[in-house]
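Topology and contacts: notes
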Amino acid sequence: MMKKLSIPTSKTSLVLFLCQIISALDVPLDLSQPPTITQQSPKDYIVDPRENIVIQCEAKGKPPPSFSWTRNGTHFDIDKDAQVTMKPNSGTLVINIMNGGKAEAYEGVYQCTARNERGAAISNNIVIRPSRSPLWTKEKLEPNHVREGDSLVLHCRPPVGLPPPIIFWMDNAFQRLPQSERVSQGLNGDLYFSNVQPEDTREDYICYARFNHTQTIQQKQPISVKVFSMDSLNDTIAANLSDTDIYGAKPVTERQPVLLTPTGSTSTKVELRGNVLLLECIAAGLPTPVIRWIKEGGELPANRTFFENFKKTLKIIDVSEADSGNYKCTARNTLGSVHHVISVTVKAAPYWITAPRNLVLSPGEDGTLICRANGNPKPSISWLANGVPIAIAPEDPSRKVDGDTIIFSHVQERSSSVYQCNASNEYGYLLANAFVNVLAEPPRILTPANKLYQVIADSPALLDCAYFGSPKPEIEWFKGVKGSILRGNEYVFHDNGTLEIPVAQKNSAGTYTCVARNELGKIQNEVHLEIKDPTMIIKQPEYKVIQRYGQASFECIIKHDSTLLPTVTWLKDNDELPDDERFLVGKDNLTIMNVTDKDDGTYTCIVNTTLDSVSASAVLTVVARPNPPFDLELTGQLERSIELSWIPGDENNSPITNFVIEYEDALHEPGVWHYQTEVPGTQTTVQLKLSPYVNYSFRVIAVNKIGRSQPSEPSEQYLTKSASPDENPANVQGIGSEPDNLVITWEPLKGFQSNGPGLQYKVSWRQKDVDDEWTSVIVANVSKYIVSGTPTFVPYEVKVQALNDLGYAPEPSEVIGHSGEDLPMVAPGNVQVHVINSTLAKVHWDPVPLKTVRGHLQGYKIYYWKVQSLSRRSRRHVEKKILTFRGNKTFGMLPGLEPYSSYKLNVRVVNGKGEGPASPDKVFKTPEGVPSSPSFLKITNPTLDSLTLEWGSPTHPNGVLTSYTLKFQPINNTHELGPLVEIRIPANESSLILKNLNYSTRYKFYFNAQTSVGSGSQITEEAVTIMDEGKEDWKKEIVNGSRSFFVLKGLTPGTAYKVRVGAEGLSGFRSAEDVFETGPAMASRQVDIATQGWFIGLMCAVALLILILLIVCFIRRNKGGKYPVKEKEDAHADPEIQPMKEDDGTFGEYSDAEDHKPLKKGSRTPSDRTVKKEDSDDSLVDYGEGVNGQFNEDGSFIGQYSGKKEKEPAEGNESSEAPSPVNAMNSFV
């Protein structure tokens, strides 16, 4: 059975590959091999003295190794110490401290040796030290009295512990003391004050030391600090000195920086490669100095440099030799600067370049062990064999030591051994074990058989073939059962036997065979590779901007290999989704209901299968109206201005575009907020203009694209001082409401415009152009004043001035008004009318004197009305019409008059009060015009050669009718118009019979009326004379008896036809006829196929077929016997039907009586809209169902009875197309 292995990603493949390289060096545990140390305690092992000491040493080998220990370079006999035991099948020591042992007694250097018959491996030297957390030594701490502005260092001096303690400063309440650029803790634990301030005075500066190994905290005795300010110090000195003494402390003076640590201008620092480099500069000074770091002659290493302790500490992690150099710190304030250069040297404990690796050789093979290390200073290399210096180890002729290399030649089984390489310098050492194992083993493949690998298409495939053998086997790969050996650039063959297909395709799938062979044998193993389609997100989530409390939805539609089961996981900001019912995870989407601000973030859709993983992310931005501004502050208060500042609220992911400032006047309109101004969204202060005598409160509203925030809390109130008004009322007007008054109105000032208490208005007026003094009155709380007793409509000068308790507003401007108007006194004179044409007249008049208008002249009105029509001499209801002409016009046009009519008019002048008297009525007449079209044209009584025309006189004769004109012309079969004939008819006629017309011909008529002015518009009509029955033969169609209609096709346009329908049954023969005409001729470019030769031939063929059918029916009738149809026909003869010449004929099927509908459906009736009918009294009911019938050539009806009734299609399925000249020969009548 195949074991399934999935390779999810290339990174995993790389990790797997590296693991395989390591595992390929392992000797199977069932084969003899020297010991290998697998686990050991760290070199510097600090233990908790209260717990048992466990020194680890684990090893493997075949046969299993035995263990021994040395302590401080001599054999450690654990059997003689009851407190020490070794774990079974292990070299790990357990020293029992908890049952009476003391950790201090077991301090020392320990080394473990694991040994079997093939060699001995040794551990590192493990230094055991118990941790220490000693108490602070008792000391007497004097209080620190410091002058304000001086520097201060509080020394911690913690006890020496193992490992060193972590230092921090706290107070008696176990609260950390605040630190800043001014006060901070140094690397040595001391507390540095760049300058002290009065607030630094306290008695509980306590240094704490935390020892992590023992989980204990030690504290120093509290340190007292008292800071003297200059004022208090001067008072103290004055109280203790006589008047003759010179006393007085200097005030706090600023000082340039001085370094507190390190001291001097230069220092040195040695750090080991790979460690963290910490450099410190702390300075005193007032103002507090700022620290800046540079590296002389270079740049601080990017990505590894950090600044701590308010930039007083420079931290560089993972230092290397390249970080050696001079580092300069500069402390600077406004008075100067000081610097210090730290020369850094990076040394290095030994580190591996090439560590020795286990060597498996077969007898007679060669090999090498290489041990290369580096350091600063350069380490020395020494070799040991089975834990003994190689110089004194037993001789082995197969080995040769050459510095950092041991060369083996023609090894034998006795050459198996464990070699140790030691690289050391003054900063440390490295120790590595590497065995030489001489074996003769045939190949073996360690990878399980039939292992199944599954990879994603276009990704690397790594097929494992872990092997072992001695000599080292050669590995070959094959594909398929009979495949050839794999070679070429499309494959990578790794030393550990792994076959890599860098880009696996679909055709890479299949069975692969790994063959391992050496001189002792051969073995093979099969593995299987499956290629899967990659998982893809075909619809990724998209960036969303959603308003608060809206709904957000992210899509994540995937496509995957059908054999893989995907799992879709949604993350928010790379973490699990909140446990909230608002988050709805669907099959291929994530929906967030009622989004809130905390839903902001990046949402990631992760699709995992056993082989691959894909993800896509989108950002959700939740926007909302801004939060209201806060902390409104009023500053810079002046009489007419103030500065308002505020702090913006959260913009809620939509930038604030502007701020709106509103104010409330608590003095005049409490509770009412008015717009003041607005500023851009980047501005948080504004200078506001103020008005006097207003109790201001301000609020600010933030605006973004989503909307307006709630108003901020109101600012504090600010009452401005009173002043005289700055402005006067606006929109001052003087308009009289009566002929003897003047009404003065204005817009009153608003409350904040009053500028002070006692707002009033001084209203002044005087008659214009008259040497009069101003008349004034002072009013309050009104916006109107009426001046009575004025002359009618005279101009006045008017002004309104505001005033309050503090004085008057500036002098107002004057406006011109008028006293009240009265109706005009006179009518316009010399009214003249000039008739331009039958529908238009021009009216002239003389203007009235302006003094008589007694108001503002608005214009003139013309009243006019029609008295009577001169053609009818009949009066009707008078409807007056009015035309208004604005301004001082002296003429006007009267449009839309009726011709040949009598009119009257008058003219009136109009002012603001109304209309003046009317001028005397002026009579004028309009001339004749052309008449309208005749009211109707009716064509009746069509005969073979005549038509009767009837008409009505024009609705609007517009004059005296002189005559009518009739024009007509025929329309022939080719749709062309014939010659035009014109007839003049007296005006008193109303009908006319046209004779000598052509039969069965369509005519088009044009008819109009005339007056002496000319002809009016015409009316048109068409009519058709009837056909000559004596000249045209009857055409017949056999109609199914169940039918109730038949479509006549191929008729000639503009032609009258007579149609007859007949039927014969048991009750005899019945018929009916009608006359109709086809539609008018239309100009057409279509070719009439009825005149085409091919169509005539086709119709002849159809007629021949019908004839043959009639003959067949005739024969069948003779065979079936005769029926008394002839007698019935004779008894009900139609005078228009010729007698039958034969005794029998063929029949079509007939339906029952209810199917007999008028044949003329869809046809055109004559012009008089009447239908000519000649109905027979015969009934077809007597014939019942199953009657077939047809017309003979002379129009008589013949028929026979059938034995059954056939069901015909419904009426709607028959042809119903309109008559068309194109189908002229499709049927006949």
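Fair warning: this is a prediction, and the values are worked out from it, not measured in the lab. (Residues numbered from 1 in each chain as written. Predicted model: local features only at pLDDT ≥ 70, side-chain atom pairs only at ≥ 80, totals over all residues. Heavy atoms only, no water.)

Another point: the overall build of the protein. A count of helical and extended segments in the protein gives five helices and 91 strands. In the protein, which comprises 1229 residues, the share counted as buried stands at 42%. As presented, the protein carries roughly 64,800 Å² of accessible surface, and 51% of it is formed by carbon and sulfur atoms. (Helix = DSSP H or I, 4+ residues; strand = E, 2+ residues; numbered from the N terminus. Buried < 20%, exposed > 50% of the residue type's maximum accessible area, 1.4 Å probe, protein only. Areas by Shrake-Rupley, 256 points an atom, 1.4 Å probe, with all protein chains shown as cover.)

By size, the foremost hydrophobic cluster in this structure holds 28 residues, and its most contacted members are Ile53, Ile55, Trp69, Ile95 and Tyr110. Within the residue set of this core, elements represented by two or more residues are β4 (53–55), β5 (57–62), β6 (66–71), β9 (93–95), β10 (108–116) and β12 (126–130). The dominant element in this core, judged by the number of residues it contributes, is β10, at three residues. Beyond its immediate sequence surroundings of up to four residues, Ile53 is in contact with Val47, Leu93, Val94, Ile95, Ile97, Ala103, Tyr106 and Ile128. (Core = buried A, V, L, I, M, F, W, Y, C linked by side-chain atoms within 4.5 Å. Contact = heavy atoms within 4.5 Å.)

Attention now goes to the sheet that holds strand β78 (residues 901–911). Strands in a sheet are paired, the pairing made by backbone hydrogen bonds, and the direction either parallel or antiparallel. Reading across from one edge, β76-β75-β78-β79 is the order of the four strands in this open sheet, with antiparallel pairing throughout. Each of the sheet's edge strands pairs with one partner strand only, and the pair in question is β76 (881–886) and β79 (922–925). Taking the axes of each pair of neighbouring strands and ignoring which way they run, one obtains an average angle of 30° across the sheet. Pairing geometry for β78 and β79, over four bridges, is antiparallel. Looking across to β79, one finds that Lys904 is bridged to Val923. (Pairing = 2+ DSSP bridges. Axes fitted to C-alpha atoms, helices over the stretch in contact; angles between N-to-C directions.)

With antiparallel pairing, the three strands of this open sheet are ordered in space as β4-β9-β8. In the strand order of this sheet, the two ends are held by β4 and β8 (84–86), each with one partner. Here the average twist between neighbouring strands, direction ignored, is 20°. Pairing of β4 with β9 involves three bridges; the strand directions are antiparallel. In the strand pairing of β9, Ile53 is matched with Ile95.

On the surface, Leu1104, Leu1105, Leu1107, Ile1108, Ile1111, Val1112, Phe1114 and Ile1115 cluster together to form a nonpolar patch covering roughly 720 Å² of accessible area. Topologically, Ile1115 is positioned in helix α4 (residues 1093–1120). (Patch = residues over 30% accessible without salt bridge, like charges linked within 9 Å, V, L, I, M, F, W, Y side chains within 5 Å. Salt bridge = Lys/Arg side-chain N within 4 Å of Asp/Glu carboxyl O.)

Now for the state of the cysteines. The final tally for this structure, using the stated rule, is six disulfides. There is a disulfide in this structure between Cys465 and Cys514, and the S-S distance comes to 1.8 Å. Between Cys465 and Cys514, the disulfide has an S-S torsion of -60° and is therefore left-handed. Of this pair, Cys465 sits in the loop between β41 (461–463) and β42 (467–470) while Cys514 sits in strand β46 (residues 510–518), and the two are 49 residues apart along the sequence. Among the residues examined, Cys465 registers a relative accessible area of 1% and is labelled buried. Cys514 gets classed as buried once you look at its relative accessible area, which sits at 1%. If one numbers only the bonded cysteines of the protein, in the order they occur, the disulfide pattern is 1-2, 3-4, 5-6, 7-8, 9-10, 11-12. (Disulfide = S-S within 2.5 Å.)

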